[in-house]
Number of protein chains: 2
Amino acid sequence: MKELVERIQKDGRVLGEGVLKVDSFVTHQVDPVLMEQMGQRFAEVFKDQGITKVVTIEASGIAPALFAAKELQVPMIFARKAKSLTMDEELLTASVYSFTKQVTSTISISRKFLSSEDKVLIIDDFLANGQAAKGLIELCRQAGAEVEGIGIVIEKSFQDGRQLLEEMGLKVVSLARIASLTNGQVEFLEEDA
Amino acid sequence: MKELVERIQKDGRVLGEGVLKVDSFVTHQVDPVLMEQMGQRFAEVFKDQGITKVVTIEASGIAPALFAAKELQVPMIFARKAKSLTMDEELLTASVYSFTKQVTSTISISRKFLSSEDKVLIIDDFLANGQAAKGLIELCRQAGAEVEGIGIVIEKSFQDGRQLLEEMGLKVVSLARIASLTNGQVEFLEEDA
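Residues numbered from 1 in each chain as written. Chains lettered and ligands numbered in written order. Predicted model: local features only at pLDDT ≥ 70, side-chain atom pairs only at ≥ 80, totals over all residues. Heavy atoms only, no water.

Here's the deal with the relation of the copies chain A and chain B
If you rotate chain A by 180 degrees and push it 0.0 Å along the axis, it lands on chain B with an RMSD of 0.0 Å. The superposition of one copy onto the other is thereby described by a two-fold rotation axis. The position closest to the rotation axis in chain A is occupied by the C-alpha of Ala-59 of chain A, lying 2.7 Å away. (Least-squares fit on C-alpha atoms with pLDDT ≥ 70 in both.)

Printed below as a string of structure tokens:
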């Protein structure tokens, strides 16, 4: 998406190899106008998939997921993260390993909000190793829900998340695709939408 | 707000004295249509205060804050919660005590996103003891920013958060005000907007 790529060029900051900071408009301070445009783009791409729920993970996935859900006229669900979780039959849970933090956390969604009737669009702000998305897919599958696609704000295409998800047979649509972050420079691939 | 009060009557669940669960449309699964209406209502109430930033706290404050920010055409910032934080000069930090969880956590906002030029609208999903709002106010004041008002989705009027904030000289606007939750029943006061 042109507006997003331009905004990353203007306000994104490269902090060493592999780290792109977009905390002034995505991950901490949020630009609602850009978020709405991104939500509209996701909705446009997935509008014929019969989506019934948009699923994301707290906290920075919420804004793009909310606007996508609004456009698709369906509810949005955000999975909760917790270091540990007591066993609870009412929860769908999955483990997510973070390569950057080297920590495994548990993510969860209340069982009552997903069922085998649901067709899910997963939205997240970043796709790197694909571990968070994989956790969300697992929650959906536990509920018998079908994952119709994955919408990503910023994809680090030099990591293997996209490949992992595509090998699961899933359609991945990224609004910005980063080819590399070497020498403090952001190099882009052509985005999907 | 009539739509919110009716939705609480329909889908809110009282879990014992003092606990109102609204996880099917506010705190876990989110209704984007209702959220947008609430954001519009907050914006309408505070539109003449010269608001430059909407500030909330992750995770369930993000949705109403985002729509309020969109309507007011300003950025939204969500404070991060952490159990402990390493000292970092770039962060504004405050401690928030949770009476329900009996845990003190640290909330933070990057210093660069708030300044003495800012007029802030604080938005949160719940107001009970007012400790989260108080923490957000402290972050704003550390930055020299002025807090112009506080917009709350659901106020537990039988707890003392509103009084605490009003004694600080702040305008509090709640879209639903709960008088009591006794015997599994939700009793409302007249809402502010």
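Considering helix 4 (residues 131–142) of chain B
All names here are of chain B. Here helix 4 contains 12 residues, and its C-alpha end-to-end distance of 16 Å stays within 8% of the 16 Å for a straight helix at 1.5 Å per residue. Those residues of helix 4 that fall on the buried side of the exposure criterion are Ala-133, Gly-135, Leu-136, Ile-137, Leu-139 and Cys-140. Looking one or two places after helix 4, you find Gly-144, whose phi comes out positive at around 80 degrees. (Helix = DSSP H or I, 4+ residues; strand = E, 2+ residues; numbered from the N terminus. Expected span 1.5 Å × (residues − 1). Buried < 20%, exposed > 50% of the residue type's maximum accessible area, 1.4 Å probe, protein only.)

Here's the deal with the side chain of Thr-56 of chain A
Assignment of secondary structure puts Thr-56 of chain A in strand 4 (residues 53–57). From its side chain, Thr-56 of chain A meets the backbone oxygen of Gly-61 of chain A in a polar contact 3.4 Å long. (Polar contact = N/O pair within 3.5 Å; in protein donor to acceptor, adjacent residues only side chain to side chain.)

A word on the nonpolar core
Inside soluble globular proteins, nonpolar side chains tend to come together where they are buried. The biggest cluster of nonpolar side chains holds 80 residues, and the ones touching the most others in it are Leu-4 and Val-54 of chain A together with Leu-4 and Val-54 of chain B. In this structure Val-54 of chain A touches Ala-65, Ala-68, Ala-69, Leu-72, Val-74, Pro-75, Met-76, Ile-77, Leu-121 and Ile-123 of chain A, once residues within four positions along its chain are discounted. (Core = buried A, V, L, I, M, F, W, Y, C linked by side-chain atoms within 4.5 Å. Contact = heavy atoms within 4.5 Å.)

Some points on the interface of chain A and chain B
Taken together, the contacts link 32 residues of chain A with 32 residues of chain B. Here chain A meets chain B over a buried area of about 2,600 Å², counting both sides, of which 64% is carbon and sulfur. Sorting the residues of chain A by area buried against chain B places His-28, Gln-29 and Leu-66 of chain A first, and these three jointly supply 25% of that buried surface. Run the count over chain A and chain B and you get 4 salt bridges. When the shortest N-O distance is used, the salt bridge between Lys-112 of chain A and Asp-23 of chain B registers 3.1 Å. Those elements that place two or more of their residues in the side of chain A that touches chain B are strand 3 (29–30), helix 2 (32–46), helix 3 (62–72), strand 5 (76–82) and strand 7 (103–110) of chain A. The leading source of residues in the side of chain A that touches chain B is helix 3 of chain A, at 6 residues. The class makeup of the residues in the side of chain A that touches chain B is 17 nonpolar, 7 polar and 8 charged. The pairing of strand 5 of chain A with strand 3 (residues 29–30) of chain B spans 2 bridges and is antiparallel. In the strand pairing of strand 3 of chain B, Ile-77 of chain A is matched with Gln-29 of chain B. (Buried area = accessible area lost by both parts, 1.4 Å probe. Salt bridge = Lys/Arg side-chain N within 4 Å of Asp/Glu carboxyl O. Nonpolar A, V, L, I, M, F, W, Y, C, P; charged D, E, K, R; others polar. Pairing = 2+ DSSP bridges.)

Side note on the environment of Met-1 of chain B
All names here are of chain B. Of note, Met-1 is situated in the segment before helix 1 (2–11). For Met-1 and Phe-25, which are 24 residues apart along the polypeptide, the C-alpha to C-alpha distance reads 15 Å. In this structure Met-1 touches Leu-34, Gln-37, Met-38, Arg-41, Leu-175, Glu-191 and Ala-193, once residues within four positions along its chain are discounted.

Some details on the packing of aromatic side chains
Summed over the entire model, instances satisfying the criterion amount to 3 aromatic pairs over all chains. Considering the side-chain rings of Phe-67 of chain A and Phe-67 of chain B, the 5.1 Å spacing of their centres and the 70 degrees angle between planes classify their relative orientation as edge-to-face. Of this pair, Phe-67 of chain A sits in helix 3 while Phe-67 of chain B sits in helix 3 (residues 62–72), placing the two residues on different chains. The exposure class of Phe-67 of chain A is buried, given its relative accessible area of 0%. Ring centres of Tyr-97 of chain A and Phe-99 of chain A lie 5.1 Å apart, and the angle between their planes is 85 degrees; on these two criteria the pair is classed as edge-to-face. Looking at Tyr-97 of chain A, the relative accessible area reads 31%, which means it is partly exposed. (Phe/Tyr/Trp six-rings, centres within 6.5 Å; stacked < 30°, edge-to-face > 60°.)

Quick notes on the packing of helix 1 of chain B against helix 2 (residues 32–46) of chain B
All names here are of chain B. Closest axis-to-axis distance for the helix 1/helix 2 pair is 10 Å, and the angle between their directions is 140 degrees. Taken together, the axes of helix 1 and helix 2 are oblique relative to one another. Classified by chirality, the crossing of helix 2 by helix 1 is left-handed. Side by side, helix 1 and helix 2 meet where Glu-3, Leu-4 and Arg-7 of the first sit next to Leu-34, Gln-37 and Met-38 of the second. Of the residues that constitute the contact of helix 1 with helix 2, the class distribution is 3 nonpolar, 1 polar and 2 charged. (Axes fitted to C-alpha atoms, helices over the stretch in contact; angles between N-to-C directions. Parallel < 35°, antiparallel > 145°, perpendicular 65-115°, else oblique. Left-handed = near helix turned anticlockwise from the far one by under 90°.)

Structural notes on the UniProt feature "binding site: 5-phospho-alpha-D-ribose 1-diphosphate" (unreviewed entry) in chain A
Residues and elements named next belong to chain A. Look at the UniProt record and you will see "binding site: 5-phospho-alpha-D-ribose 1-diphosphate" (unreviewed entry) annotated at Ala-128, Asn-129, Gly-130, Gln-131 and Ala-132. With respect to the helices and strands, Asn-129 occurs in the loop between strand 8 (119–127) and helix 4 (131–142). Leave out the neighbours within four places in its chain, and Asn-129 touches Phe-99, Gln-159, Asp-160, Gly-161 and Leu-164. Mapped onto the secondary structure, Gln-131 falls in helix 4. Gln-131 has contacts with Val-96, Tyr-97, Phe-99 and Leu-164, leaving out every residue within four places of it along the chain. (UniProt positions renumbered as here; feature names shortened; annotations may be inferred.)

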